[in-house]
Amino acid sequence: MNSPHPAPHTPAVTRLSDTEWQAVEDGRAVGRADASRRPDGRLFVSIDTWHDTVFDRLAAALLTDLPAPLHTVVDEADHDTRSAWQRAGFTTARRERAYLVPTDPRATGLGAVRPPEGVTILPAGLAEEGPLRALERVVHAEVEAGAGWPAVPAQVLPRPAGTIVVDPTKYAVARQGDRYVGLIRVTPPRRPRIGLIAVRAELRRRGIARALLAHALDSLHRGGTATAWAEATESDPAATALLEGVGARRAGATLELVHR
């Protein structure tokens, strides 16, 4: 957040669109802010600037222009950004642990794990989009009926409320008979990220999630990837136990802050 350049004195903040703001000083842009709505309706905001003064002006604009509550996500180790949001009145709502997950079966202990009888794993790219979309709807409904989206890691891709967006190339699926009963999503940037592991409520605690994780990590290992990235909310002991049980190493934490 701190900059070697002099801070602007009176930056002018302009709302460019429903989701974008810009701060300008002497004809040059010195900061911007964005807003995006998550699947459950939560509104997340972000600010990009080097200067505390500009940050405060942009934060004030967000608080004026947008309805409460507002949410944001910061790295726990980024004390400057965390302090800036706290100046604006944001407080910590929850903490997510970040993990580096080994992929080698010798490290995870998952080499001998198989799905329970009657369940098969379809590798990424082989699932049919229609049934996969239907399973995601079930997963979303069960989340909303249970712990709710606030219990799901906040790093979820923004999407219009009420829509389900799936890319079969990112999902491995557990199938029982003619229906899909579980899924795991792995996104493949520079460091693959395990974005979601979910099993239908009536079939949990039977080893399906563990089998999906074993399959996904083994696929990454055979592709030459040594570690994957994952997050788990501290209030979700099942997720943290699953990751730590396969040798995942804590690699920091993310804070979700809220202004009510």
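As a reminder, the structure under discussion sits directly above these lines.
It should be emphasised that the depicted structure is a prediction, and the values quoted were computed from it without experimental measurement.

Draft legend 1. Spatial organisation of the packing of helix H1 (residues 52-65) against helix H2 (residues 79-87). Running from N to C, H1 and H2 cross one another at 45°; their axes reach a closest spacing of 10 Å. By the angle class used here, H1 and H2 are oblique. In this structure, H1 meets H2 at a crossing whose hand is right-handed. Seen from H1, the contacting residues are Asp52, Phe55, Asp56 and Leu62; seen from H2, they are Ala84, Trp85 and Arg87. Of the residues in the contact of H1 with H2, the class split is four nonpolar, no polar and three charged.

Draft legend 2. Focus on the packing of aromatic side chains. All told, the structure shown has two aromatic pairs when counted by the stated rule. With 4.9 Å between their ring centres and 80° between their planes, Phe55 and Trp85 make a pair best called edge-to-face. Taken together, the residues span a long stretch of sequence, with Phe55 in helix H1 and Trp85 in helix H2 at a distance of 30 residues. You'll find Phe55 and Trp85 in the same group, each marked buried.

Draft legend 3. Fine view of the pairing of strand E11 (residues 227-233). Judged by how many residues are buried, E11 sits mostly within the fold: five of seven residues are covered. Pairing analysis gives seven bridges linking strand E6 (residues 91-102) to E11, with the strands arranged antiparallel. Bridging from a neighbouring strand, Leu100 pairs with Trp229 of E11. Chirality of the crossover, the property in question, places the unit of strand E10 (residues 193-199), helix H5 (residues 208-222) and E11 among those that are right-handed.

Draft legend 4. Spotlight on the nonpolar core. Formed by 28 residues in total, the largest nonpolar core has its most connected members in Val101, Ile184, Ile194, Ile208, Leu213 and Leu217. Elements with a minimum of two residues in this core: E6, strand E8 (171-176), strand E9 (179-187), E10, H5, E11 and helix H6 (237-244). Looking at which element gives the most residues to this core, the answer is H5, with eight residues. The contacts of Leu217, once residues within four sequence positions are left out, are Val101, Pro102, Thr103, Thr108, Leu110, Ile194 and Ala228.

Draft legend 5. Inspection of H1 at higher detail. Taking 1.5 Å as the rise per residue, H1 with 14 residues should run 20 Å; its terminal C-alpha atoms sit 20 Å apart, in good agreement. Of the positions making up H1, those classed as buried are Val54, Phe55, Leu58, Ala59, Ala61 and Leu62. Taken around the axis of H1, the buried residues stretch over an arc of 160°, which confines them to a single face.

Draft legend 6. Up close: the sheet that holds strand E1 (residues 12-15). Sheet architecture is open: 12 strands sit in the order E1-E2-E3-E4-E5-E12-E6-E11-E10-E9-E8-E7, paired in mixed fashion. Of all the strands in the sheet, the pair left with one neighbour each is E1 and strand E7 (119-122). Adjacent strand axes in the sheet meet at a mean angle of 25°, parallel and antiparallel pairs treated alike. Of the strand pairs in this sheet, strand E5 (residues 70-75) and strand E12 (residues 249-259) are connected by six bridges, and their pairing is antiparallel. Opposite Thr72, over in E12, you have Leu257 as the bridge partner.

Draft legend 7. Broad picture of unusual backbone geometry. Cis geometry marks the peptide bond from Ala68 to Pro69, where omega comes out at 0°. Mapping Pro69 onto the fold places it in the loop between H1 and E5. A positive phi is found at Asp26, a non-glycine position, where the angle reads about 55°. Examined against the element boundaries, Asp26 turns out to sit in the loop between strand E2 (20-25) and strand E3 (28-37). Residue classification places Asp26 among the exposed residues on the basis of a relative accessible area of 73%. The backbone phi angle of Arg205 is positive, close to 65°, even though this residue is not glycine. Within the element layout of this structure, Arg205 appears in the loop between E10 and H5.

Conventions used here
- Residues numbered from 1 in each chain as written.
- Predicted model: local features only at pLDDT ≥ 70, side-chain atom pairs only at ≥ 80, totals over all residues.
- Heavy atoms only, no water.
- Axes fitted to C-alpha atoms, helices over the stretch in contact; angles between N-to-C directions.
- Helix = DSSP H or I, 4+ residues; strand = E, 2+ residues; numbered from the N terminus.
- Parallel < 35°, antiparallel > 145°, perpendicular 65-115°, else oblique.
- Left-handed = near helix turned anticlockwise from the far one by under 90°.
- Contact = heavy atoms within 4.5 Å.
- Nonpolar A, V, L, I, M, F, W, Y, C, P; charged D, E, K, R; others polar.
- Phe/Tyr/Trp six-rings, centres within 6.5 Å; stacked < 30°, edge-to-face > 60°.
- Buried < 20%, exposed > 50% of the residue type's maximum accessible area, 1.4 Å probe, protein only.
- Pairing = 2+ DSSP bridges.
- Right-handed = clockwise from strand over helix to strand, strands pointing away.
- Core = buried A, V, L, I, M, F, W, Y, C linked by side-chain atoms within 4.5 Å.
- Expected span 1.5 Å × (residues − 1).
- Arc of directions from axis to C-beta.

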